[in-house]
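For reference, the chains in residue letters:
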Amino acid sequence: MKRILLFLATNLAVMVVFSIVLNIIYATTGIQSGSLSGLLVMAVLFGFGGSLISLMLSKKMALRSIGGEIITQPRNANEHWLLETVTRQAKQAGIGMPDVAIYDAAEMNAFATGAKRDAALIAVSTGLLAQMTRDEAEAVVAHEINHVANGDMITMALMQGVVNTFVIFLSRIIANAVSGFTSNDEEGEGEGGGSFMTYFIVSMALEMLFGFLASFLTMWFSRQREFKADSGAAELVGKEKMIAALERLKTSQETQLEGSMMAFGITGKKTMMELLMSHPPLQNRINALRNL
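This write-up is about the structure you can find in this document. Remember, predicted model here, so these are calculated numbers, not experimental data.

### What about the packing of helix 5 (residues 134–149) against helix 8 (residues 239–253)?
Here comes step 1: Across the interface, helix 5 lies against helix 8 with an axial gap of 8 Å and an inter-helix angle of 100°. In terms of their interaxial angle, helix 5 and helix 8 are classed as roughly perpendicular. Across the interface between the two elements, Asp135, Glu136, Glu138, Ala139, Val140 and His143 of helix 5 pack against Lys241, Met242, Ala244, Ala245 and Arg248 of helix 8.
Here comes step 2: Taken together, the residues that form the contact of helix 5 with helix 8 break down as five nonpolar, one polar and five charged.

Below, the structure is given as structure tokens:
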């Protein structure tokens, strides 16, 4: 959950800055629907730029947000076990040794992030190590190792880049048409002033709308990758361990308020909000593993 939320939050922040810059470029150069090729090039550059910058910053942003500390020299049995487990599983999965971080949190949580498959970060909460058995924690680590081995963060960044590009391009095509229409209907405006302000407001509003609609696609993709990481973890450590880990999380969730967000998923009734979840419901993941 944290992996996706941090990536999307960083991407959104970068895209807001890029959108303002693009609007300034529009005001100074007049790039509009009559120059579709120029607009498309800028949409691609800014769309993928926002996504790739988010990916490159993901490790630093993650460590800063959780107050995590990379384990360089294990200080206790838990850290020693965690480092050993990640080392062994990384070798099994054929990836470079990730940085391993531990952070203080009561919730059972773990996530992987990073721009490079062979230089990723895996972070685990103290709550997970305290509340799960070693077999269950081993399965969670295997799940995160598979996210790295499958290149999920890189794939997500590329997909988000495509989404950003379409959001920027379409919002500005429509905003330009609206601003052109209003500038023809209104009189007494300063030269270009009224139409640019309309363009700016409409383009920003449409970016938010289209970005929200596009999130249904990105979250669907994220949910599919969770199923894939579960099956990969089952291959690494055994299906029963992965099911036990998910059952532990499900039991923990049952003591929380309905709809609370936890490490591997979100509980709650099947509503449209389920389409915006980055993780499938835990029971769905358990069922998928049992059917392997």
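### So, the nonpolar core
Here comes step 1: Among the nonpolar cores identified, the biggest contains 37 residues, and Leu82, Val86, Val124, Leu128, Met132 and Ile145 are the most heavily contacted of them.
Here comes step 2: In this view, Met132 contacts Met108, Ala137, Val140, Ala245, Arg248 and Leu249; residues no more than four positions away in its chain are not counted.
Here comes step 3: In this structure, Ile66, Ala105, Phe111 and Leu121 belong to the second largest nonpolar core, which totals nine residues.

### Re the pattern of salt bridges
Here comes step 1: Under the criterion given, the structure shown has 12 salt bridges.
Here comes step 2: In this structure, Asp135 engages Lys241 in a salt bridge whose closest nitrogen and oxygen atoms are separated by 3.6 Å. Within this pair, whereas Asp135 is found in helix 5, its partner Lys241 is found in helix 8, the two being separated by 106 residues in sequence.
Here comes step 3: With relative accessibility at 42%, the residue Asp135 sits in the partly exposed group.
Here comes step 4: Here Glu226 makes a salt bridge to Arg285, at a shortest N to O gap of 3.8 Å. Of this pair, Glu226 sits in helix 7 (residues 193–237) while Arg285 sits in helix 9 (residues 282–290), and the two are 59 residues apart along the sequence. Neither residue differs from the other here; Glu226 and Arg285 are each classed as buried.
Here comes step 5: When salt bridges that share partners are traced, they join Arg88, Asp135, Glu138 and Lys241 into one network.

### As for the pairing of strand 4 (residues 121–125)
Walk down a regular strand and you will see the side chains alternate between the two sheet faces.
Here comes step 1: With five of five residues buried, strand 4 is to be regarded as a mostly interior element.
Here comes step 2: Here strand 4 shows no split at all, with Leu121, Ala123 and Ser125 on one side and Ile122 and Val124 on the other all buried.
Here comes step 3: One ladder, built from five bridges, connects strand 2 (residues 99–103) with strand 4; its direction is parallel. Bridging across to strand 4, Val100 finds its partner in Ile122.
Here comes step 4: Pairing of strand 3 (residues 110–113) with strand 4, which is carried by four bridges, proceeds in the antiparallel orientation.

Procedures and definitions
- As a convention, each chain's residues are numbered from 1 in the sequence order in which they are written.
- Only residues with pLDDT of at least 70 are given local features in this predicted model, and only at 80 or more are side-chain atom pairs given and counted; all residues enter the totals for whole chains, interfaces and linings.
- Side-chain descriptors were evaluated using all non-hydrogen atoms of the structure, hydrogens and water having been removed beforehand.
- Note on geometry: axes are C-alpha line fits, over the in-contact stretch for helices, and angles between N-to-C directions span 0 to 180 degrees.
- Each helix is a run of H or I in the DSSP string that is no shorter than four residues. Each strand is a run of E no shorter than two, and both are numbered from the N terminus.
- Oblique is the label for every angle not falling under 35 degrees (roughly parallel), over 145 degrees (roughly antiparallel), or within 65 to 115 degrees (roughly perpendicular).
- Residues count as neighbours in contact if any of their non-hydrogen atoms are within 4.5 Å of one another.
- Gly counts as polar in this scheme, as do all residues outside two lists: the nonpolar Ala, Val, Leu, Ile, Met, Phe, Trp, Tyr, Cys and Pro, and the charged Asp, Glu, Lys and Arg.
- Think of a nonpolar core as a cluster: buried Ala, Val, Leu, Ile, Met, Phe, Trp, Tyr and Cys residues, connected wherever their side-chain atoms sit within 4.5 Å.
- When accessible area is computed with a 1.4 Å probe and restricted to protein chains, residues below 20% of their type maximum are described as buried, those above 50% as exposed, and intermediate ones as partly exposed.
- Between Lys or Arg on one side and Asp or Glu on the other, a salt bridge is scored when a side-chain nitrogen of the former is within 4 Å of a carboxyl oxygen of the latter.
- At least two bridges found by DSSP between two strands is the condition for calling them paired.

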